[in-house]
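Single-letter residue listing:
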Amino acid sequence: MKAEPIVFVVDEDARSTDAIRRLAAMMDLECRVYASGLDFLEAFDRSQSGCLVTELKVPGINGLQLQQRLAAEGVALPVIFLTSAATLPIAVRAMRAGAFHFLEKPFHEQELWDAIQDAIALDRQRRQAMDYEEEVRRRLMSLTIKEEQVLRMIAQGKTNRAIAKELDLSIRTIEVRRNSLMRKLGIEAPDELIRFAVSACNGHFRSLGAGTAPQHAGSAARPLGQLAYASPR
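On a predicted model such as this, the values are computed, not experimentally measured, just so you know. (Residues numbered from 1 in each chain as written. Predicted model: local features only at pLDDT ≥ 70, side-chain atom pairs only at ≥ 80, totals over all residues. Heavy atoms only, no water.)

1. Focus: the overall build of the chain
Quick reminder of the rule: A run of DSSP states H or I qualifies as a helix once it reaches four residues; a run of E qualifies as a strand once it reaches two. Both are numbered from the N-terminal end. Note on exposure labels: buried denotes an accessible area under 20% of the residue type's maximum, exposed denotes more than 50%, and partly exposed covers the range between, all computed with a 1.4 Å probe on protein chains only. The contact rule is simple, with two residues in contact once any of their heavy atoms fall within 4.5 Å. Only the protein chains shown count as covering a residue, and every accessible area follows the Shrake-Rupley method with a 1.4 Å probe.
A count of helical and extended segments in the chain gives 9 helices and 7 strands. By the burial criterion, 44% of the 233 residues in the chain qualify as buried. If you take every contact in the chain between residues at least 6 apart in sequence, the share linking residues at least 24 apart comes to 64%. Accessible surface, the chain: about 12600 Å² in total, of which carbon and sulfur atoms supply 52%.

Next comes the structure, spelled out in structure tokens:
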């Protein structure tokens, strides 16, 4: 991920783009302007942080289509729409499709200033969450099948003794597996492990494929490393 956010602008209106450039400069943000959505898509680095300010009506593909293309690629760049020809149905459609803001021209500088600041803050939060999810997934992938089994049973509220009895193993063996998975997951406190296990196995994971992991330890559960952890908001 690139460190410094950029304000991307897709608009043919020179007066509008000049005003946005000045506004971005006052915010100490880089601003890149494109005359069409296709020009933007061709040049845009999908890992770049920031936000997109686009006119609804632009050459090639319109603003809504541009938003849809980004969403289809899994790019969560916040989109702020500017337009001089807004209708309520179009505005509603844009917001339902995930638009961050919808402003009419001529826009008020303070309103756009606030929208850009909020959009960049949202983008930063999303990227931090994605980084956290990837780190959790990496740690889960390091668990052995036996360690995953213990983690799932911890999520069911079972003690070391109960787990040992169900698996017909010694308590010491369960303790070793538990300590090993805690080390791999970077967890130090027992209560933190319980919270993580419940989150991992009971709904705070978003499946990357079809279906979700079964809850019963003895069933053919998907590897937890194939699930993406949704960090608490």
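2. A short note on helix H1 (residues 14–26)
Using the following cut-off: For a helix, the expected span equals 1.5 Å multiplied by the number of residues minus one. The arc in question is the one spanned by the directions pointing from the helix axis to the C-beta atoms. In the analysis that follows, any N or O atom pair within 3.5 Å is treated as a polar contact, provided that within protein one partner can donate a hydrogen and the other can accept it, and provided that, for residues neighboring in sequence, both atoms belong to side chains.
Between its terminal C-alpha atoms H1 stretches 18 Å, which fits the 18 Å expected from 13 residues at 1.5 Å a residue. Ser16, Thr17, Ala19, Ile20, Leu23 and Ala24 are the residues of H1 that are buried. Considered in projection along H1, the buried side chains sweep an arc of 160 degrees and stay on one side of the axis. When the buried face of H1 is taken as reference, the exposed residues oriented beyond 90 degrees from it are Arg15 and Met26. The inward-facing, buried residues of H1 abut strand S1 (6–10), strand S2 (30–34), strand S3 (50–55), strand S4 (79–83) and helix H5 (109–141). The N-capping residue of H1, defined by a side-chain oxygen 3.1 Å from the backbone nitrogen of Arg15, is Asp13. Note on H1: the residue one or two positions beyond its end, Asp28, has a positive phi of about 60 degrees.

3. Brief notes about unusual backbone geometry
Omega for the peptide link from Lys105 to Pro106 comes to -5 degrees, which places this bond in the cis form. Relative to the helices and strands, Pro106 is located in the loop between strand S5 (101–104) and H5. In the Ramachandran plot, Asp28 falls in the positive-phi region, its phi being about 60 degrees despite a non-glycine side chain. Within the fold, Asp28 resides in the loop between H1 and S2. You will see that Asp168, though not glycine, has its phi angle at about 60 degrees, which is positive. For Asp168, the position within the fold is in the loop between helix H7 (160–167) and helix H8 (171–185). Note on Asp168: relative accessible area 70%, which makes it exposed.

4. A few points about the packing of aromatic side chains
Defined as follows: When the centres of two rings from Phe, Tyr and Trp lie within 6.5 Å, Trp using its six-membered ring, the rings pair. Their planes under 30 degrees apart give stacked, over 60 give edge-to-face, and anything left gives tilted.
All told, the structure shown has 5 aromatic pairs when counted by the stated rule. A centroid spacing of 5.6 Å and a plane angle of 65 degrees characterise the contact between Phe8 and Phe40, whose relative ring orientation is edge-to-face. With Phe8 in strand S1 and Phe40 in helix H2 (residues 37–43), this pair connects stretches of sequence that are 32 residues apart. Classification of Phe8 as buried rests on a relative accessible area of 0%. Judged by centre distance (4.9 Å) and plane angle (20 degrees), the rings of Phe40 and Phe44 are stacked. Of the residues examined, Phe40 reaches a relative accessible area of 0% and is grouped as buried. Through pairs of rings, three or more aromatic residues link up here, namely Phe8, Tyr34, Phe40 and Phe44.

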